Number of protein chains: 2
Amino acid sequence: MRKNQTETAVLGALSVEPMTGYALRVTIRDVLGHFWSESFGQIYPALAELERRGRVKRRGSSRPGSSTFALTGSGRARLKELLAQPVHASPPRNGLMLRLFFGRQLGAEACRSLVLEARHDAARRLKKYEAIREELELDDDHAKDRPFWLLTVSAGEHTARAAITWADETIAALDEIGPSIDAPKQRRR
Amino acid sequence: MRKNQTETAVLGALSVEPMTGYALRVTIRDVLGHFWSESFGQIYPALAELERRGRVKRRGSSRPGSSTFALTGSGRARLKELLAQPVHASPPRNGLMLRLFFGRQLGAEACRSLVLEARHDAARRLKKYEAIREELELDDDHAKDRPFWLLTVSAGEHTARAAITWADETIAALDEIGPSIDAPKQRRR
DNA sequence: GGGCACATGTAAGCTGTTACATGATTAA
DNA sequence: TTAATCATGTAACAGCTTACATGTGCCC
């Protein structure tokens, strides 16, 4: 754990191209957003700390009151070191699964709604991944990074498709178990 | 967010059957573990708070120094209320994807290892889900809960299978991009 | 001149993890 | 008898989120 996590994301983003702290916020949100998030309150402190240690260098302002940060040699080395560290799986906390697991208390109908919603979300994500894929094909600036970026897009696509299949199966299953548990009192009134 | 999360998990577990705080720890780890986690440091305080509010009742000790907690009527109502609240998606933090995204810095070979490891993990999880499924088929005590529990097992299976497929594709892709970027200096020595 | 996007930070507060402290019971 | 498991808690700390404070430049 440690705040290595933030450090890695910040150094990584700067390894693609130098940018301001603000641009870092936006990049992490828009580009890494499918699998990563940083609370913005951490980015500036992390950047300051990295500067203090000589991992990044603050370059003159593109305009007053702003500065662009670039990786130093030591910063690039540190990034490689961080990336080589073992992946620390964050403990799972899936609110949807928690609700389904206690679905007997929640009721089959409410479960159905939740699953439908999850299906919509997954479908929306899938479309987005396809859009990103197309966008990447046209982007010649990052040809060296692209193959790696596509791996993460592919992971998103696989996950989203699995979620859709699961949701469809689950809705069918809920239709079967639903009536018998949820509304036993008004069967054929 | 709020500690509603812990409250929901604790009340939910107690809705299945009354148990001690210790059993709660074990149950949450072993039964909900596929999609949920609670830090144990929170369980006892949450339990104390729930007792104070009359959501759970502490029943005589099964043995000295221990007490069994059971849901009260108000506790069951509270659980339903909590389950009906919108799912709050926790911000994603996938360390594997972060490493792959910056795979150019890490190197294709190291990426390959990470993906292989992920494949092993997914295969192991898949086997575990199948074991849980079989175990559930034999368990007559929780017939009413079972259909809902199976939904979460199914989700795990779909996710794990998707991860395996993705990993296989990804390893193939890395084999293609790997050599040309990673070891250009010693091509055909 | 008004609003929006760019830009940099700080502080309070909540959440969650980890390690510790303590003791009873049971099985080898 | 000693190790493992059952059992209940507390305290310190690390990490993250949210809201706030402040200011510039650009476009309509």
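Described in the following lines is the structure provided in the data block. (Residues numbered from 1 in each chain as written. Chains lettered and ligands numbered in written order. Predicted model: local features only at pLDDT ≥ 70, side-chain atom pairs only at ≥ 80, totals over all residues. Heavy atoms only, no water.)

### Quick word on the interface of chain A and chain B
Stage number 1. Opposite the 64 residues of chain A that make contact, chain B presents 64 residues.
Stage number 2. Summed over both sides, the interface of chain A with chain B buries roughly 5,900 Å², with 70% coming from carbon and sulfur.
Stage number 3. Counting the surface chain A buries against chain B, the share from its top three residues, R93(A), F101(A) and F148(A), is 15%.
Stage number 4. Where chain A meets chain B, there are four salt bridges.
Stage number 5. Put simply, R104(A) and D145(B) hold a salt bridge, and the shortest N to O gap is 3.3 Å.
Stage number 6. At the junction of chain A with chain B, the criterion picks out 22 residue pairs in polar contact (both at pLDDT 80 or more).
Stage number 7. Breaking the side of chain A that touches chain B down by element, the ones donating at least two residues are helix 1 (4-16), helix 4 (73-84), helix 5 (95-101), helix 6 (103-106), helix 7 (108-138) and helix 8 (146-182) of chain A.
Stage number 8. Here the side of chain A that touches chain B takes 17 residues from helix 8 of chain A, the largest share from any one element.
Stage number 9. Taken together, the residues of the side of chain A that touches chain B sort by class into 36 nonpolar, 19 polar and nine charged. (Contact = heavy atoms within 4.5 Å. Buried area = accessible area lost by both parts, 1.4 Å probe. Salt bridge = Lys/Arg side-chain N within 4 Å of Asp/Glu carboxyl O. Polar contact = N/O pair within 3.5 Å; in protein donor to acceptor, adjacent residues only side chain to side chain. Helix = DSSP H or I, 4+ residues; strand = E, 2+ residues; numbered from the N terminus. Nonpolar A, V, L, I, M, F, W, Y, C, P; charged D, E, K, R; others polar.)

### Looking at the relation of the copies chain A and chain B
Stage number 1. Between the two copies, chain A and chain B, the superposition gives an RMSD of 0.1 Å; the rotation angle is 180° and the shift along the axis is 0.0 Å. The transformation just described matches what one would write down for a two-fold rotation axis.
Stage number 2. Both copies present the same face, since 100% of the interface residues in chain A are matched by interface residues at the equivalent positions in chain B. (Least-squares fit on C-alpha atoms with pLDDT ≥ 70 in both.)

### Let's talk about the packing of helix 1 (residues 4-16) of chain B against helix 4 (residues 73-84) of chain B
Residue and element names in this part refer to chain B.
Stage number 1. One way to put it is that helix 1 packs onto helix 4 with a least axis distance of 9 Å and a crossing angle of 125°. The orientation of helix 1 with respect to helix 4, classified from their angle, is oblique. Helix 4 is crossed by helix 1, and the crossing has left-handed handedness. Only G75, R76, R78, L79, L82 and L83 of helix 4 make contact with helix 1, whose side of the interface consists of N4, E7, T8, L11, G12 and S15.
Stage number 2. Grouping the amino acids of the contact of helix 1 with helix 4 by side-chain chemistry returns four nonpolar, five polar and three charged. (Axes fitted to C-alpha atoms, helices over the stretch in contact; angles between N-to-C directions. Parallel < 35°, antiparallel > 145°, perpendicular 65-115°, else oblique. Left-handed = near helix turned anticlockwise from the far one by under 90°.)

### Digging into the side chain of S15(B)
All names here are of chain B.
Stage number 1. Here S15 is to be found in helix 1.
Stage number 2. Residue classification places S15 among the buried residues on the basis of a relative accessible area of 11%.
Stage number 3. A polar atom in the side chain of S15 sits 2.6 Å from the backbone oxygen of G12. (Buried < 20%, exposed > 50% of the residue type's maximum accessible area, 1.4 Å probe, protein only.)

### Let's talk about helix 7 of chain A
Stage number 1. With 31 residues, helix 7 of chain A extends 46 Å between its outermost C-alpha atoms, agreeing within 8% with the 45 Å of an ideal straight helix rising 1.5 Å per residue.
Stage number 2. Within helix 7 of chain A the residues assigned to the buried category are A108(A), C111(A), L114(A), V115(A), A118(A), A122(A), L126(A), Y129(A) and L136(A). (Expected span 1.5 Å × (residues − 1).)

### Notes on the nonpolar core
Stage number 1. In terms of nonpolar packing, the biggest core is built from 50 residues, with W166(A), L174(A), L14(B), L24(B), L32(B) and F148(B) touching the most fellow members.
Stage number 2. In terms of residue count, the dominant contributor to this core is helix 8 (residues 146-182) of chain B (eight residues).
Stage number 3. Leave out the neighbours within four places in its chain, and L32(B) touches L98(A), F101(A), F102(A) and T27(B).
Stage number 4. Counting 49 residues, the second largest nonpolar core, distinct from the first, contains L14(A), L150(A), I164(A) and I171(B). (Core = buried A, V, L, I, M, F, W, Y, C linked by side-chain atoms within 4.5 Å.)

### Some words on the packing of aromatic side chains
Stage number 1. Per the counting criterion, the structure on display carries six aromatic pairs over all chains.
Stage number 2. Seen from their ring centres, F35(A) and F101(B) are 5.8 Å apart, and the 45° between their planes marks the pair as tilted. With one member in each of two chains, F35(A) in the loop between helix 2 (21-30) and helix 3 (40-52) and F101(B) in helix 5 (residues 95-101) form a pair that bridges those chains. Both residues of the pair, F35(A) and F101(B), belong to the buried class.
Stage number 3. Pairing F101(A) with W149(B) gives two aromatic rings, centres 4.9 Å apart and planes at 10°, and the pair type is stacked. Of this pair, F101(A) sits in helix 5 while W149(B) sits in helix 8, which puts the two residues in different chains. Comparing F101(A) with W149(B) shows no difference in burial state: the two are buried.
Stage number 4. One aromatic cluster is present, formed by F35(A), W149(A), F101(B) and F102(B) through successive ring pairs. (Phe/Tyr/Trp six-rings, centres within 6.5 Å; stacked < 30°, edge-to-face > 60°.)

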